[in-house]
Each structure stands twice: as C-alpha cells, then as structure tokens.
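# Summary of structural features
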Amino acid sequence: MEKRTLSLVTVLLLAAAVQAEEEKNITLPKPFGIGIGPAYIGGRDTDEEGTELSLKIYQQYIMFKRLSSMNLQEDEQYYSRWTGKGECIGACPQYSHCKKGICVCKPEDSRIQVYGRCFSNSTAYFVGDKEKYRKPTPPARPEWCFCEKKNGGRDVCPENRRREECQVVTYPNNFDHNTQYCMGGDHSHCLGKDINMFCSSNQVQDQTTGQVKNLCQCRKDMKFDTKNMECRIRIDVDCTYENKEKEGDLTWILKGRDEPKKEYTLAEIKTAFCNLIDAESAEYNAHIVGEFTYSILGLSIGGFIAVCCITCVTACCCCKCCEKVKAKIRALDPRNAMRDAGMGPGTQMAALGAVAAGEYMENRNDKQDEARVAAMQGQSMGMPGGAPPGYAPVPEGYPDQGAGYPQDQRGGYGGQEGKCQHWERGSN
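Since this is a predicted model, take the numbers as computed values, not measurements.

It is worth spelling out the overall build of the chain at this point. The helix and strand inventory of the chain stands at eleven helices and 14 strands. Counting over 428 residues, the chain shows a buried share of 29%. Across the chain, the fraction of contacts at a sequence separation of at least 24, relative to all contacts at a separation of at least 6, is 54%. Accessible surface computed for the chain: about 29200 Å², of which carbon and sulfur atoms make up 54%.

Given below as structure tokens:
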C-alpha cells in the first residue's frame, strides 16, 4: 500500500513537472515589429516587467511621431502636461497609479489588470462576464414576492412567479465603449468602466433619452481593445513590409539618447522604429501573462494536490512508524506477549512465576559474583579493612579443613620428644 501511494505521488509530481516544462516551451507569436501591423501593448497581457517595457516602447512611439512631424501643438502640450509629469487626467482609481500619463495596477498590492480594472491575484480567476461587460448589479426583488417553505428557506410564491417585479433581472453580454455617457467632468464614472477612461469634452446625443451628454473615452494614444475588453496603448505603425536593418543613429534618437543631427525621411524613421521594436519583441513575449489559474495559498491546483499528497504520505509513514514503535514497547511486557499468544489466566500465572523465579536466581547469582569479586579486591568480610599490604586476600567460601595436629606448648614436636624421654628411661 505504501509503495503504491509513493508511486502515485511520484507520477503526479512528474506530470506537473512535464506540464510546466511544456508551458514554458510554448512559442508565442511575435507581438509587433518587422512583418507585423499596428499592435496593442500592455494592459492585461503583461506582468510588472512587461508593463514597464510597454511604457518604454510608448516613449519611443512618441519620439517616432515627433520625428515624423505627426504631433500637433496640442499633442505636444498634452505630453508636456501629463505624460512628462507622470500625471493622469481624472487621476487613477484605487489600487492603481499613474505612469507616463497612463494608469497601471499596483503590483506591490498584488493587483493585476483584468478587463480594464484592477483585481487581486487571488480573485482574478473568478472574474467573469459581469466584469467583462460591465454589468450592473441586479436590483433586489421585493419581499412580498417570496413565501416561506415548509422545510425551511423561501421561494417566490406560486401566484407571484409571473409578475414582472418578481423576475430576476438579467443583462446581455454587451458593452459598447462608444456609447458610455458621462456628465461633464465626472471622471469617476468613467474610471468605474476602465482605469484608463476619462470623461472627455466630446458630446453626443443619448439615443435613449435624447439628451446631449459627454462621452467616456480612452486616454491619448490608447484605444479600446475589443479582444481584451479594455483600453490599451496602440502602436499605430504598420511594419508589415519593412526589412531588417542594423542599428544606426536613428535608433539612439528614438531611444531618447541622442539628438537628431540631420533631417530624416519618413521611410527611414519608420524602418528604424520597426527594427527597434522588433528587437524588443522577444523580451516583451517573455513577460506575457497567460490564462489565469485558480490558486490556493499561492499554489496552483496541481501544486496544491501534490503538496497534499506528499503531506498525506508523510503523515501515514509517521503514523506507521509510531505504530511499530508502540507495538515493540508493548511486546516488552511479558503479560502482553502471553496474552497475544492466546494463553489462559492459569497458564499466564505459571509462566509469570517461572519468569519471576528465573529473575530471582539470576539476581542471587549476580550477588554471589559480586561478593567473590570484592574478596579478590581485598574487601574480605573476615578481615576489617581488607588484607594487609603485600598479603594475598583471604578467599571466602573454602571448606573447613579441621583443627589439624595438636602441638606441645614447650616447643618442638611433642610426640617425638616424649618418645625419646621414654626410651632413655628404659635404657637406664
């Protein structure tokens, strides 16, 4: 079972790694440059670094228009007033700030742009048609439309189901950026549609009310991208038929690092600009944001499942290890071993008695061994303080050999001396 679980986890991790590698190796089409027509840049498609690159390309585009004499006096005044100072008409809404006259979402607040508005990274996955088509929140239905159910809860009363007031209001999936009206100077209304919309001075007649109203429109050099459903920078230069050339003086001028020293033709300026942005297209693609994925604690679904599997396997291994240790500790108690072996109470008592007797005998033998060792080390119980220095210790436990032969107190061998005296008397 454990081997199967480990194999399953390994397969899941390998599958996630292969999928990540395949996504990394996807080749994106060139976004702009040689062979490409006018293009949108920035917005929802790019991450933080990609947004900064888009703003740099935007600066190069302004220089291109300036060299091509495409800018009018009012254009230069706009760039000086707003773009050059990093300010935006109508300011920027919450979770966004102004850069180069354009509102961008704040990455430091974990915000990303979706459908022209800033959402948190954790909720971007759930953004749907309501936000895409800027649908208003449906009005609440009157309380009198509902009846209490017997099993709890409530529903529209049968007699009210056909009444218009009790119907759920729905809105079509449609957003016409050309008919977003506003009152003069009401930029906040337009910013609610898109962070790069403002209430312009252009006026048209509202076909529904017949009143003349101002229009919400995208900021300068931006147009509404109906694919991403948001205002984006529009590089309105057709590079379809341009050829690749080496960098020259015009490249440095377009980058803003040098001043023009002569007059250039429109064709030369266009070719240099197309080659410049073509060289930046690969870097731009490296910062393209793909489809949003649902994340849990910053992990994708696959990553979260892999972490859960690894955690479960680790927990199971720990539990199994603890169970084995517990079983070994339990087996150390002879009562548990006998109980597991199916012994009855009488057999268990007899076995325990045998074990106790064996332990008693072992303890007694151990004590006797200790006494012998102590005697050999001079700790004899018969001589206080042990044997004197230089003498061997008196061993204990030897058998008693008896009193031996009696000796005459007068010295010598009593038996032999008596015989000699007796012999002398007899001879006399």
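Resuming the write-up.
Here we take up a negative patch on the surface. A cluster of like negative charges, contributed by Glu 48, Glu 49, Glu 108 and Asp 109, occupies part of the molecular surface. Relative to the elements of secondary structure, Glu 49 occurs in helix α2 (residues 48-67). Judged by its relative accessible area of 44%, Glu 49 falls in the partly exposed class.

Before going further, it helps to spend a moment on α2. When the terminal C-alpha atoms of α2 are compared, their 29 Å separation across 20 residues agrees well with the 28 Å that a helix rising 1.5 Å per residue should span. α2 sits mainly inside the fold: 14 of its 20 residues count as buried. Measuring from the backbone nitrogen of Glu 49 back to the side-chain oxygen at the start of α2 gives 3.3 Å, which picks out Asp 47 as the cap. Immediately beyond the C-terminal end of α2, within one or two residues, lies Ser 69, with a positive phi of roughly 60°.

The next point concerns the sheet that holds strand β10 (residues 212-218). Within a sheet, each strand pairs with its neighbour through backbone hydrogen bonds, oriented either parallel or antiparallel. A sheet is described by the order of its strands in space; here three strands give the open sequence β8-β10-β9, paired in antiparallel fashion. Looking along the sheet, the strands with just one partner apiece sit at the ends: β8 (181-182) and β9 (197-205). Bridging between β9 and β10 involves six bridges; their strand directions are antiparallel. Counterpart to Met 197 in the pairing with β10 is Cys 218.

This paragraph deals with the confidence of the model for the chain. In the predicted model, the chain carries a mean pLDDT of 81, and 71% of its residues have values of at least 70. Of the regions scoring below 50 in pLDDT, residues 17-23 engages in zero contacts with residues more than four places distant in sequence or in other chains. A low-confidence stretch, residues 408-428 (pLDDT under 50), is modelled with two contacts involving residues beyond four sequence positions or located in other chains.

Okay, the state of the cysteines next. Scanning all chains against the criterion turns up nine disulfides. Across the disulfide from Cys 105 sits Cys 118; the S-S distance is 2.0 Å. A torsion of -95° about the S-S bond marks the disulfide between Cys 105 and Cys 118 as left-handed. Of this pair, Cys 105 sits in strand β3 (residues 102-105) while Cys 118 is found in strand β5 (residues 117-120), placing the two residues 13 residues apart along the sequence. Taking relative accessible area as the criterion, Cys 118 reaches 13% and is therefore assigned buried. With its sulfur 2.0 Å from that of its partner, Cys 190 forms a disulfide with Cys 216. Because the sign of the S-S torsion sets the handedness, a value of about -75° for the bond joining Cys 190 and Cys 216 places this disulfide among the left-handed ones. Highlighted residues: Cys 190 in helix α5 (residues 187-191) and Cys 216 in strand β10, separated in sequence by 26 residues. For Cys 190, a relative accessible area of 0% gives the class buried.

Working note: non-glycine residues mostly have negative phi, and peptide bonds are mostly trans. Of note in this structure, Ser 69 is not a glycine but carries a positive phi near 60°. Of note, Ser 69 is situated in the loop between α2 and α3 (73-83). On the basis of relative accessible area, Ser 69 is assigned to the exposed category, the value being 64%. Notably, Ala 91 is not glycine yet its phi reads approximately 65°, a positive angle. Inspection of the secondary structure assignment puts Ala 91 in the loop between α3 and β2 (96-99).

Take the pattern of salt bridges next. Using the criterion set out here, one finds 14 salt bridges in the structure. The salt bridge partner of Lys 30 is Asp 278, with a shortest N-O separation of 2.7 Å. Here Asp 278 lies in helix α7 (residues 266-285) and Lys 30 lies in the loop between α1 (2-24) and β1 (39-41), a separation of 248 residues in the sequence. Of the charged contacts in the structure, one is a salt bridge between Lys 244 and Asp 278, with a shortest N-O distance of 3.8 Å. Of the two residues, Lys 244 sits in the loop between β12 (230-235) and α6 (249-254) while Asp 278 sits in helix α7, which places them 34 residues apart along the sequence. Look at the salt bridges and you will find they share partners, linking Lys 30, Lys 244 and Asp 278 into a network.

Evaluated as defined, the whole model comprises seven aromatic pairs. Here the aromatic rings of Phe 64 and Phe 273 are separated by 4.9 Å at their centres, their planes lie at 25°, and the arrangement is stacked. Residue Phe 64 is located in helix α2, and its partner Phe 273 is located in helix α7; the two are separated by 209 residues in the primary sequence. Note on accessibility: Phe 64 and Phe 273 belong to one class, buried. Pairing Tyr 125 with Phe 126 gives two aromatic rings, centres 5.3 Å apart and planes at 90°, and the pair type is edge-to-face. Among the aromatic residues, ring-to-ring pairing joins Tyr 61, Phe 64 and Phe 273 into one connected group.

What counts and how
Residues numbered from 1 in each chain as written. Predicted model: local features only at pLDDT ≥ 70, side-chain atom pairs only at ≥ 80, totals over all residues. Heavy atoms only, no water. Helix = DSSP H or I, 4+ residues; strand = E, 2+ residues; numbered from the N terminus. Buried < 20%, exposed > 50% of the residue type's maximum accessible area, 1.4 Å probe, protein only. Contact = heavy atoms within 4.5 Å. Areas by Shrake-Rupley, 256 points an atom, 1.4 Å probe, with all protein chains shown as cover. Patch = residues over 30% accessible without salt bridge, like charges linked within 9 Å, V, L, I, M, F, W, Y side chains within 5 Å. Salt bridge = Lys/Arg side-chain N within 4 Å of Asp/Glu carboxyl O. Lys, Arg positive; Asp, Glu negative; His and termini not counted. Charge placed at Lys NZ, Arg CZ, Asp CG, Glu CD. Expected span 1.5 Å × (residues − 1). Polar contact = N/O pair within 3.5 Å; in protein donor to acceptor, adjacent residues only side chain to side chain. Pairing = 2+ DSSP bridges. pLDDT = per-residue confidence, 0-100. Disulfide = S-S within 2.5 Å. Phe/Tyr/Trp six-rings, centres within 6.5 Å; stacked < 30°, edge-to-face > 60°.

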